[in-house]
Number of protein chains: 12
Amino acid sequence: MPPESLNILVIHGPNLNMLGTREPDIYGRTTLDEIDSGLAVQAKEMTCVLESFQSNHEGELIDRIQQAMGSMDGILINPGGLTHSSVSLRDALASTGLPVLEVHLSNVFAREPFRHQSFISGIALGVISGLGARGYGVGLEALVEHIRH
Amino acid sequence: MPPESLNILVIHGPNLNMLGTREPDIYGRTTLDEIDSGLAVQAKEMTCVLESFQSNHEGELIDRIQQAMGSMDGILINPGGLTHSSVSLRDALASTGLPVLEVHLSNVFAREPFRHQSFISGIALGVISGLGARGYGVGLEALVEHIRH
Amino acid sequence: MPPESLNILVIHGPNLNMLGTREPDIYGRTTLDEIDSGLAVQAKEMTCVLESFQSNHEGELIDRIQQAMGSMDGILINPGGLTHSSVSLRDALASTGLPVLEVHLSNVFAREPFRHQSFISGIALGVISGLGARGYGVGLEALVEHIRH
Amino acid sequence: MPPESLNILVIHGPNLNMLGTREPDIYGRTTLDEIDSGLAVQAKEMTCVLESFQSNHEGELIDRIQQAMGSMDGILINPGGLTHSSVSLRDALASTGLPVLEVHLSNVFAREPFRHQSFISGIALGVISGLGARGYGVGLEALVEHIRH
Amino acid sequence: MPPESLNILVIHGPNLNMLGTREPDIYGRTTLDEIDSGLAVQAKEMTCVLESFQSNHEGELIDRIQQAMGSMDGILINPGGLTHSSVSLRDALASTGLPVLEVHLSNVFAREPFRHQSFISGIALGVISGLGARGYGVGLEALVEHIRH
Amino acid sequence: MPPESLNILVIHGPNLNMLGTREPDIYGRTTLDEIDSGLAVQAKEMTCVLESFQSNHEGELIDRIQQAMGSMDGILINPGGLTHSSVSLRDALASTGLPVLEVHLSNVFAREPFRHQSFISGIALGVISGLGARGYGVGLEALVEHIRH
Amino acid sequence: MPPESLNILVIHGPNLNMLGTREPDIYGRTTLDEIDSGLAVQAKEMTCVLESFQSNHEGELIDRIQQAMGSMDGILINPGGLTHSSVSLRDALASTGLPVLEVHLSNVFAREPFRHQSFISGIALGVISGLGARGYGVGLEALVEHIRH
Amino acid sequence: MPPESLNILVIHGPNLNMLGTREPDIYGRTTLDEIDSGLAVQAKEMTCVLESFQSNHEGELIDRIQQAMGSMDGILINPGGLTHSSVSLRDALASTGLPVLEVHLSNVFAREPFRHQSFISGIALGVISGLGARGYGVGLEALVEHIRH
Amino acid sequence: MPPESLNILVIHGPNLNMLGTREPDIYGRTTLDEIDSGLAVQAKEMTCVLESFQSNHEGELIDRIQQAMGSMDGILINPGGLTHSSVSLRDALASTGLPVLEVHLSNVFAREPFRHQSFISGIALGVISGLGARGYGVGLEALVEHIRH
Amino acid sequence: MPPESLNILVIHGPNLNMLGTREPDIYGRTTLDEIDSGLAVQAKEMTCVLESFQSNHEGELIDRIQQAMGSMDGILINPGGLTHSSVSLRDALASTGLPVLEVHLSNVFAREPFRHQSFISGIALGVISGLGARGYGVGLEALVEHIRH
Amino acid sequence: MPPESLNILVIHGPNLNMLGTREPDIYGRTTLDEIDSGLAVQAKEMTCVLESFQSNHEGELIDRIQQAMGSMDGILINPGGLTHSSVSLRDALASTGLPVLEVHLSNVFAREPFRHQSFISGIALGVISGLGARGYGVGLEALVEHIRH
Amino acid sequence: MPPESLNILVIHGPNLNMLGTREPDIYGRTTLDEIDSGLAVQAKEMTCVLESFQSNHEGELIDRIQQAMGSMDGILINPGGLTHSSVSLRDALASTGLPVLEVHLSNVFAREPFRHQSFISGIALGVISGLGARGYGVGLEALVEHIRH
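Conventions used here
- Residues numbered from 1 in each chain as written.
- Chains lettered and ligands numbered in written order.
- Predicted model: local features only at pLDDT ≥ 70, side-chain atom pairs only at ≥ 80, totals over all residues.
- Heavy atoms only, no water.
- Helix = DSSP H or I, 4+ residues; strand = E, 2+ residues; numbered from the N terminus.
- Rg over C-alpha atoms; globule rule 2.2 N^0.38 Å.
- Buried < 20%, exposed > 50% of the residue type's maximum accessible area, 1.4 Å probe, protein only.
- Contact = heavy atoms within 4.5 Å.
- Lys, Arg positive; Asp, Glu negative; His and termini not counted.
- Charge placed at Lys NZ, Arg CZ, Asp CG, Glu CD.
- Buried area = accessible area lost by both parts, 1.4 Å probe.
- Salt bridge = Lys/Arg side-chain N within 4 Å of Asp/Glu carboxyl O.
- Polar contact = N/O pair within 3.5 Å; in protein donor to acceptor, adjacent residues only side chain to side chain.
- Nonpolar A, V, L, I, M, F, W, Y, C, P; charged D, E, K, R; others polar.
- Pairing = 2+ DSSP bridges.
- Axes fitted to C-alpha atoms, helices over the stretch in contact; angles between N-to-C directions.
- Parallel < 35°, antiparallel > 145°, perpendicular 65-115°, else oblique.
- Least-squares fit on C-alpha atoms with pLDDT ≥ 70 in both.
- pLDDT = per-residue confidence, 0-100.

**Brief notes about the overall build of chain A**
- Of the regular secondary structure elements, chain A holds five helices and five strands.
- Counting from the amino terminus, chain A carries its helices and strands in the arrangement β-α-α-β-α-β-α-β-β-α.
- Over its C-alpha trace chain A gives a radius of gyration of 14 Å, about what one expects of a compact globule, namely 15 Å for 149 residues.
- By principal-axis analysis of the C-alpha atoms, chain A measures approximately 45 × 30 × 25 Å.
- The burial tally for chain A puts 60% of its 149 residues in the buried class.
- Considering only contacts in chain A between residues 6 or more positions apart, those separated by 24 or more positions represent 76%.
- Side chains of chain A carry 9 positive and 17 negative charges; the gap between the two charge centres is 4 Å.

Rendered as structure tokens:
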């Protein structure tokens, strides 16, 4: 019997729409659409439905996260630069009561000191940092497995 | 002779639209609409007119606060998570030249250390923390009294 | 049916006996007796009995707070300068197991940095700062409401 | 032979739309429109075309900055209060690969300590602080000269 | 030949009179009288005479400690909340020139960060923390042994 | 054509031999042998050969890591408590010149503050935290993919 | 014409009653009575009347300082260990509106780090540290001269 | 009826094998063998069996502590220099689930600042510091009493 | 009518005499003489007279600055390395009561952390950083405009 | 019999030559010559010979202080801004082995935070701060008395 | 008469066995054997006998250092990564009572901030950093000279 | 063939002219002339020519260092107290592009905390601390060897 289908919200924070063009030395050459397409395929195999949402606006991200309550089963998030400054994003994620998995493309711990602190990690299930675009897929698997077990 | 009517702007910051559903252990079960309704009744008795505004967007909050200049007599604000991170919100409030009263539902001083610092308090008339939904009513009274005396 | 009468201890810390004479720019011109009289009237309306106690001695404050256990239903306290230095006062308040509401006349967060830290807030129900003498009345209402609900 | 025309994006952060009305003691009496008009005249003389953009929304600023990539030759920015809190704005600026010049109307180094730190300076070509509205003109010249040489 | 009798001053700081009633989860259910009685029995066996003194007043504690000079052979002290805030208590203890042993009922190092610092430890012979009421007996033995050897 | 076989060293730091018995609330119920067996299967499918090594001795870990130079293609490491204290382990890993992937079973960023700092992250390819035993598998995939691409 | 007589309050903080017996290497061999007698003689020559007050109780010191308002012309204070811990003493001194001169027998800046910070200096006219008992006489002269000129 | 026999593991950290020869001014002249012999006698009287283990190797200490799980009833530990640097030792102790009592021969709080912090205290039942070799005996009694009651 | 002529003192701090030879990657290839010549031409057009002074000696810089009082109308200063270490230079500038404009060739905020703090900025009219030699001209214009308006 | 004559070196640090003209609100209206003349008269009465030396050059101050060795009996110094930045001045003073008394005209402890730290105090006999020009006379008396007793 | 022969223990900490292969840009291409051979020749000329010992195990290093007591005349140590983390190594060195000279191949002060702090320097005779392999020879000479004079 | 002759500048910072007289317990009894003579002999054997320069003036030291560019091959410097305070000296040394070796007579790391930080070390080849006068000779050898190899 196949597992019950899960709805997963994928949140991409500020500047992630620039992936593939923005500083490829740090962030790689894969575009956000390619990441989302790849994730969708992977999700289907895992009997999941994804909704991806990117915004450069903290407020839109919070709006979208709030709507996840009741309709989604988990949140996969790369908060971008908001990782290090947004208490409101943390509060929005916590308010949903959903399991949250935090992903960073680059290894934030090997970059500027201000990127070593995350307001999100304290309420996340786990953190994946430095695996590039692959980190999303890895995170999706881990999040789904956590929800199902 | 009744006092001159006052216009008070009530600002609710990010995630406060979730009141009543979001982490009721911390924030209580009253919804934001209920708070606003109660405040409106109280305001009427005090010969005041309220305008309430909630947004998860720092920018919309700043837009609304800027418009208060000239039309409003005071601002009652619960800045939510922006309390601890937004210099721009502080600047917007200060730019109006209006008296500002800061309200927090939970006692922020008994929570995580990053919630002990407020960018707003330094330019506020006063701060009320931990009285739950009642803090708004209390704050409204204090703000109106300050303006009238 | 009127609510059951409540006994509330009102504690005024060091230098608050100087109210009305001491630095009126910061603390206002109302005397402590006037505050206590006003609070007593308000308490009566709320079917409460107040006991007010002021001392410049940390030890006397602790003695009085300890006696509240068993005979009082809540504590309204303006710890004055002890706010920022007295672990013993915190321990005394916590030892009673009673709900505690912390009041400051001035907005301590807009003053010297050493006034931004409170040893009391961590064990208080809530904090009211900057509402002047009115903060006591507001605090009393909130405390009583908390106890009754 | 006249120099090749340059396209410069001028970004004004939160609350700068209030210039001329907001705290004139600190920010002066010139309005943002007057600044932009003056800059446009100066730009023309330097064979440049300016696009000015103000928003109170971090997200809109980031959206606009991202569009600069490919169409603009440099960015002149007064990040307002976001200077001290927005990693995302820094990332957006860095992602364009364009030269960035940071301008502050007031001398931020002579104000509150939290204004002494800038997330933008680390990726800026230079910083101009405290020259009032004139700082924009100065910055424009320096930025254009940097691009042309 | 029995050892010469020793006079030991036992000092209990603020709130220790509440032992047995105050937060028994942290401090246990033994009362201060029971601790003092037990210590007196133990002292007699060790040919010592104890004088126990508790006060919630820093000043009274200092007064009593000063009198120990010349009449006492050592001081066993649980400074309570003054541990973390009182330079004057430290100075009083140091001024007697007597050996001092510091006792805490709870393990202060496993509690709030502000309890990890002691102004007393720097001039104490030793520190015993977390052994509950038994810590006094242990401390008395160690202090007496230190004085006699 | 199958990819060339890779040799991966899996390093488990102090106390990880206790997995399954040690604080299962934090670390789960899977034993280290089960983790290693699962990884071996996964490795085989990826045409990799694993060597797993656990020790409670910093020195033995360093000895083993040094031997990886020349014979191994990458290192997957859960440094346990040494994460936060061992410069020597960092130096050993860096000295091999091999890609290193850091794994933590629990989300170290949601635990005590001293667990938020890692000496290893600064020289790691990436960090995976909080995915439980699954984090090893995820890390292995990411490490192998990094080496092959 | 002789100058108008001045009333000066001399405050000695905790442990200063021990002068002459307490740690003479640090504090010298002159007793507090000898200091007060010497000061009285000096005061007479300066047409001043002194009132000296020593207490080990913060509260008594505050009580006495508050009474100075209206009857005294200035305060000469050696706050002892309270220098470094008492916000309440600072507030009491400030509340009198009288000029305050702070004296320390030893050079506090050459002792333990916690003695390098003073809550009193911020509201004092000046500070004299390390001149031993003579510091009081020097301070008296300076204080009187300040008041008369 | 005599109490059930208890098994207590006594752990001596790095350099404690040097006791009696190493810096006797700080650590005294008693050797570790003498301490262990004395403890064994004391243990017998308390119907306990001790196993003492000293090592200069963090790893060996962790190995031995892990084996205590299931066979021992409590751990008495002087972690030596590892007190201030070893997260792994803390984790090993915590992983056993056994009550732990921390002993230091010297008063670490009166020595260099880096000795004022302990990674062990946060998970210990209690801490005894500065009682010299006697601290072990005291600690044993307290540990056994804790286990039996 | 031409504006009244102004006298501007241009101060170059330590090592600026090395411009053009010293680390051209950071400081550019223009020599100090060239900068001074360019400034002189610019000054003439603005009806100003410049006096330029460079020294590697803090004392000589202070001597020269002091002489500006009465004879000069403003000071343009690049304090070099003294920016980050000299309170005396700050005091000298402040003592003249003249408007001061601070210039740095490189963007000090993008260099070592110790270059992010300036003792001069707190008393300067404004700060220009990172515009290279051009920063002097820009600063001169801004300074003159400030004086004339 | 008159006391043996003493030679006292009076050192005035940077900017003190500006006394009387420089920021009279902070430093008063007495000139340095007037201070030196007054001190000379006072010295004569005390059978002392003064040598006064002012320089804005740290190096000249050090040169002069070094020469004091052998010919002088004590040093009275107002280090000006070097107080807070010059380790070399501290070393020069310490190298003479002479008693040093530190004087500040203003109360440095009530000014900017960077003026609260002194490199000189740690090797000074005492510190006098905030007594204005009078502080020198007071300091001279205290220094001479210290040398003679 | 030749000087009496001296026995010098040379301790090489973790990862130094990798010299010549490990990150030659930082540590050079000389192997540890070559260093030891060179030192042995140099020692012979100085009538010294060396014993060299390398380990990656803190515990083995401590064991070996403890044995030096009585048989060795001094210790030359490059503590490697333990420099920055091992209190136990410091204690072992101090416990021998022997003169200790600390050597680092690279200039640790020009590397990561965590390498700027040494637990060893506080008890060392001296520190040599950044001279590469030659630092050992230099250190040996200095150590021997210190012992003989 | 003898090596090409090298020119080495030896810089002695403030107070080093006092060597042999100044605090011999810390700095030894060798005079600076003796050190320079010894170094000259040693230099000759190494086919080097030394120029030694001492000054108590930061400015003179910078002047002399700047002149080294072009004529000298390396700089051996004991910056004295300027080590811990002079960014300008660091900049001067860096501006020459020459290899710099930093020497301290005493072990600065075992003295006051403010001596543990060096502005020079970050741009030095290496640091030698605590070898007394011998440190110069050692440093000269290392510097010359570095230049020649």
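Past the structure itself, the notes keep going.
**As for the interface of chain F and chain A**
- Of the residues lining the interface, 19 residues belong to chain F; the matching set on chain A comes to 19 residues.
- Across the chain F to chain A interface the summed buried area is about 1600 Å²; carbon plus sulfur atoms make up 56%.
- Taken together, chain F and chain A are joined by four salt bridges.
- As a salt-bridge pair, Glu141 of chain A and Arg134 of chain F come within 2.6 Å of each other at their nearest N and O atoms.
- Here chain F and chain A share ten residue pairs in polar contact (both at pLDDT 80 or more) between them.
- When residues of the side of chain F that touches chain A are traced back to their parent elements, those giving at least two are strand E5 (126–129) and helix H5 (134–148) of chain F.
- If one sorts the elements of the side of chain F that touches chain A by residue count, H5 of chain F sits on top with five residues.
- Residues of the side of chain F that touches chain A, tallied by class, amount to ten nonpolar, six polar and three charged.
- Summarising the sheet, strand E5 (residues 126–129) of chain A and E5 of chain F pair through three bridges and their orientation is antiparallel.

**What about the arrangement of the chains?**
- The smallest C-alpha distance separating chain B from chain L is 29 Å, and no contact links them.
- Left apart from each other, chain C and chain L have a closest C-alpha approach of 25 Å.

**Focus on the packing of helix H3 (residues 58–67) of chain C against helix H4 (residues 87–96) of chain C**
All names here are of chain C.
- Relative to each other, H3 and H4 sit at 5°, their axes nearing to 9 Å. Considering the angle they form, H3 stands roughly parallel to H4. Judged by residue contacts, Glu58, Leu61, Ile62 and Ile65 of H3 engage Ser88, Leu89, Ala92, Leu93 and Thr96 from H4.
- When the residues that make up the contact of H3 with H4 are grouped by side-chain class, the tally is six nonpolar, two polar and one charged.

**Overview of the sheet that holds strand E5 (residues 126–129) of chain B**
- Spatially, E2(B)-E1(B)-E3(B)-E4(B)-E5(B)-E5(C)-E4(C)-E3(C)-E1(C)-E2(C) is the arrangement adopted by the ten strands of the open sheet, whose pairing is mixed. Bordering the open sheet on either side are strand E2 (48–54) of chain B together with strand E2 (48–54) of chain C, each of which pairs with just one other strand. Recorded for the sheet is a direction-independent mean angle of 20° between the axes of neighbouring strands.
- Across five bridges, the pairing between strand E1 (residues 6–12) of chain B and strand E3 (residues 74–78) of chain B is parallel.

**Re the relation of the copies chain F and chain A**
- Superposition record for chain F on chain A: RMSD 0.0 Å, screw rotation 180°, translation along axis 0.0 Å. When the rotation and shift are considered jointly, the pair of chain copies conforms to a two-fold rotation axis. Considering only C-alpha atoms, the part of chain F nearest the rotation axis is Ile128 of chain F, at 2.3 Å.
- Both copies present the same face, since 100% of the interface residues in chain F are matched by interface residues at the equivalent positions in chain A.

**So, the relation of the copies chain H and chain K**
- Placing chain H over chain K gives an RMSD of 0.0 Å and needs a rotation angle of 120°, together with 0.0 Å of translation along the axis. Both copies of the chain, as the preceding transformation shows, are related through a three-fold rotation axis. Among all residues of chain H, the minimum C-alpha distance to the rotation axis is found for Ser85 of chain H, at 3.8 Å.
- Each copy contacts the other with its own distinct surface, as only 12% of the interface residues of chain H are interface residues in chain K too.

**A word on the interface of chain H and chain K**
- Chain H puts 17 residues into the contact, and the matching count from chain K is 16 residues.
- Counting the surface lost from both chain H and chain K, the interface buries some 1400 Å², and carbon and sulfur atoms represent 50% of this.
- Connecting chain H to chain K are two salt bridges.
- A salt bridge links Arg90 of chain K to Glu112 of chain H; the nearest nitrogen and oxygen atoms lie 3.2 Å apart.
- Tallied by class, the residues present in the side of chain H that touches chain K amount to four nonpolar, eight polar and five charged.

**A few points about the confidence of the model for chain A**
- Put simply, chain A has an average pLDDT of 93, and 99% of its residues get 70 or more.
- Here the predicted complex carries an ipTM of 0.93, next to a pTM of 0.94.

**Some points on the pattern of salt bridges**
All names here are of chain J.
- Enumeration over the complete set of coordinates arrives at 84 salt bridges over all chains.
- Note that Glu51 is salt-bridged to Arg64, the shortest N-O span being 2.7 Å. On the criterion of sequence distance, the pair formed by Glu51 in strand E2 (residues 48–54) and Arg64 in helix H3 (residues 58–67) is long-range, its members being 13 residues apart.
- Look at Glu51 and you get partly exposed, because its relative accessible area is 38%.
- Taking the relative accessible area as the measure of exposure, Arg64 reaches 12% and is therefore buried.

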